[in-house]
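Each chain, written out:
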Amino acid sequence: MKNKRNGPSGKWKTALIYLELIVMAVIIIYPVIWIIGSSFGSSKGLANATAIPANPTFNNYKDLLTNTKFPIWYMNTLKVAFANMVCGVLLSTLGAYAFSRFKFKGKKASLLSILILQMFPTFLTAIAVYMLFLNFGLLNSLTGLIVVGVAAQLPYNLWLLKGYLDGIPSSFDEAALIDGASRTQIFARIILPLASPMLTFVAVTQFAAPWMDFILPKLLISSEEKKTVAIGLFSMISDETRNEFTLFAAGAVLVAVPIAILYIALQKYLINGLTAGGDKG
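- The chain goes by Sugar ABC transporter permease in an unreviewed UniProt entry, where it is assigned to Paenibacillus antibioticophila.
- UniProt, in its Sequence similarities (unreviewed entry) section for the chain, records the words "Belongs to the binding-protein-dependent transport system permease family."

## Section: the overall build of the chain
- Each helix and strand counted, the chain has 13 helices and zero strands in total.
- When the helices and strands of the chain are placed in sequence order, the string is α-α-α-α-α-α-α-α-α-α-α-α-α.
- Taking 19 Å as the expected radius of gyration for a compact globule of 281 residues, we find that the chain reaches 24 Å, considerably beyond that expectation.
- Looking at the 281 residues of the chain, the share that counts as buried comes to 37%.

## Quick word on the packing of aromatic side chains
- Overall, the coordinates contain ten aromatic pairs when judged by the stated rule.
- Summarising the aromatic geometry, the rings of F40 and F58 are spaced 5.2 Å apart at their centres and angled 90° between planes, so their arrangement reads as edge-to-face. Residue F40 is found in the loop between α1 (8–38) and α2 (59–66), and its partner F58 is found in the loop between α1 and α2; the two are separated by 18 residues along the sequence.
- For F40, a relative accessible area of 21% gives the class partly exposed.
- Through pairs of rings, three or more aromatic residues link up here, namely F70, Y74, F207 and W211.

## Quick notes on helix α5 (residues 126–136)
- Within α5, burial applies to A126, V129 and F133. One face of α5 carries all of its buried residues, which in axial projection span an arc of 60°. Among the exposed residues of α5, those pointing more than 90 degrees away from its buried face are I127, A128 and N135.
- Buried residues in α5 make contact with α6 (142–166) and α10 (215–220).
- Just past α5, the residue G137 takes up positive phi, approximately 70°.

## A look at the nonpolar core
- F70, L165, W211 and V229 are the most contacted members of the largest nonpolar core, which has 36 residues in total.
- Of all elements in the fold, only α2, α3 (70–101), α6, α8 (183–194), α9 (196–212), α11 (229–238) and α12 (245–265) reach the threshold of two or more residues within this core.
- In this structure, L165 is in contact with A96, Y97, S100, R101, I191 and A195, ignoring residues within four places of it in sequence.
- The next biggest cluster of nonpolar side chains, apart from the first, holds 14 residues, and it includes V80, A83, V129 and F133.

## Considerations on the packing of α8 against α9
- Where α8 meets α9, the axes come as close as 5 Å, and the angle between the chain directions of the two elements is 70°. Taken together, α8 and α9 sit at an angle that is classed as roughly perpendicular. The residues of α9 that touch α8, namely those facing L192, P193 and L194, are S196, P197 and L199.
- A breakdown of the residues in the contact of α8 with α9 according to their chemical character gives five nonpolar, one polar and no charged.

## Structural notes on a nonpolar patch on the surface
- There is a patch of nonpolar side chains on the surface, built from L16, L19, V23, M24, I27, I28, I29 and I33 and spanning about 750 Å² of accessible area.
- Structurally, I29 can be placed in helix α1.
- What makes I29 partly exposed here is its relative accessible area of 44%.

Conventions we followed
Residues numbered from 1 in each chain as written. Predicted model: local features only at pLDDT ≥ 70, side-chain atom pairs only at ≥ 80, totals over all residues. Heavy atoms only, no water. UniProt positions renumbered as here; feature names shortened; annotations may be inferred. Helix = DSSP H or I, 4+ residues; strand = E, 2+ residues; numbered from the N terminus. Rg over C-alpha atoms; globule rule 2.2 N^0.38 Å. Buried < 20%, exposed > 50% of the residue type's maximum accessible area, 1.4 Å probe, protein only. Phe/Tyr/Trp six-rings, centres within 6.5 Å; stacked < 30°, edge-to-face > 60°. Arc of directions from axis to C-beta. Contact = heavy atoms within 4.5 Å. Core = buried A, V, L, I, M, F, W, Y, C linked by side-chain atoms within 4.5 Å. Axes fitted to C-alpha atoms, helices over the stretch in contact; angles between N-to-C directions. Parallel < 35°, antiparallel > 145°, perpendicular 65-115°, else oblique. Nonpolar A, V, L, I, M, F, W, Y, C, P; charged D, E, K, R; others polar. Patch = residues over 30% accessible without salt bridge, like charges linked within 9 Å, V, L, I, M, F, W, Y side chains within 5 Å. Areas by Shrake-Rupley, 256 points an atom, 1.4 Å probe, with all protein chains shown as cover. Salt bridge = Lys/Arg side-chain N within 4 Å of Asp/Glu carboxyl O.

Written as C-alpha cells, this is what we have:
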C-alpha cells in the first residue's frame, strides 16, 4: 500500500502547508524589517519610513540619544521592568506555594476570586487606580507604575505557578520534612530549582510588560522626567506639529533589543516552562 503522503494529494497538502508558513512568516517579519529600515531613514518624515531607505544613516539613533529625553525614558522603563520582574516573581511564587502546599480556611474562595479578577482587563480599573493613587500620593511616580504592573499580572501568574507546583510531588516535601528540613529550606532548595522553567517564563513576561504598557502610564504619568518609552515615543508621532516617524522607528528598535536578548538567552527555559505549564496547569 502506497503512503498517502507520497501521492498527489499528499504533495498538495504539504505544498499548501509550506505556502501558509511562508505567508505567515512574511506577515510577521515584514513589519520588523520595515521598522528597522525606517530607523535608518535620512529624514524624519513618514515618506522616508520605508523598509529599504535610499540613503541609510545612523543620524536618527544619534538624534534620539542626544537631542531627546529618550535615555531618561529608557532608564525609567528599565527600572520599572526590573522591579516589576523581581517583585512579581517573588509575590507570585510565595502565593502559589501557599495555595499549592497548605490547607487553610477560604482557600477555594480565594482562588475563585483570583480567577475572576484575572478575567477583567487592567484598563477597566483605570479610574479607580487613578483615584487611589491620587489619595496615596503615587501619581506621576515610578513606584506607582511598579505597583500597578505587579498587581495586574499577579492573578494570572499565581494561577500559572500554582498549576505547575501542583505537578511537583508532595512526597519531596514530606521526605525533606522527615530529614529535618524546614518549610523555608524546602521552598528554597527543592521547589525553586524544580520550578525554574516556569519562574523564568514569569520573570521574562513580567520584565517585558512595562516596555509595551501604554494606557495606565499615560494616565498616571504627567512629567517628561517620569515618562516611559511607550509614552515618550508615542508623543513623537501623536502631535500634529511633529512628524518624527524615523526617530520613532529608531526608538522602537532600541526598545526591542533587551527583550529580544532576554528571550534568546532564556529560550530553552521559556519553552520548557510553556510546555510544562500546558501539561500541568
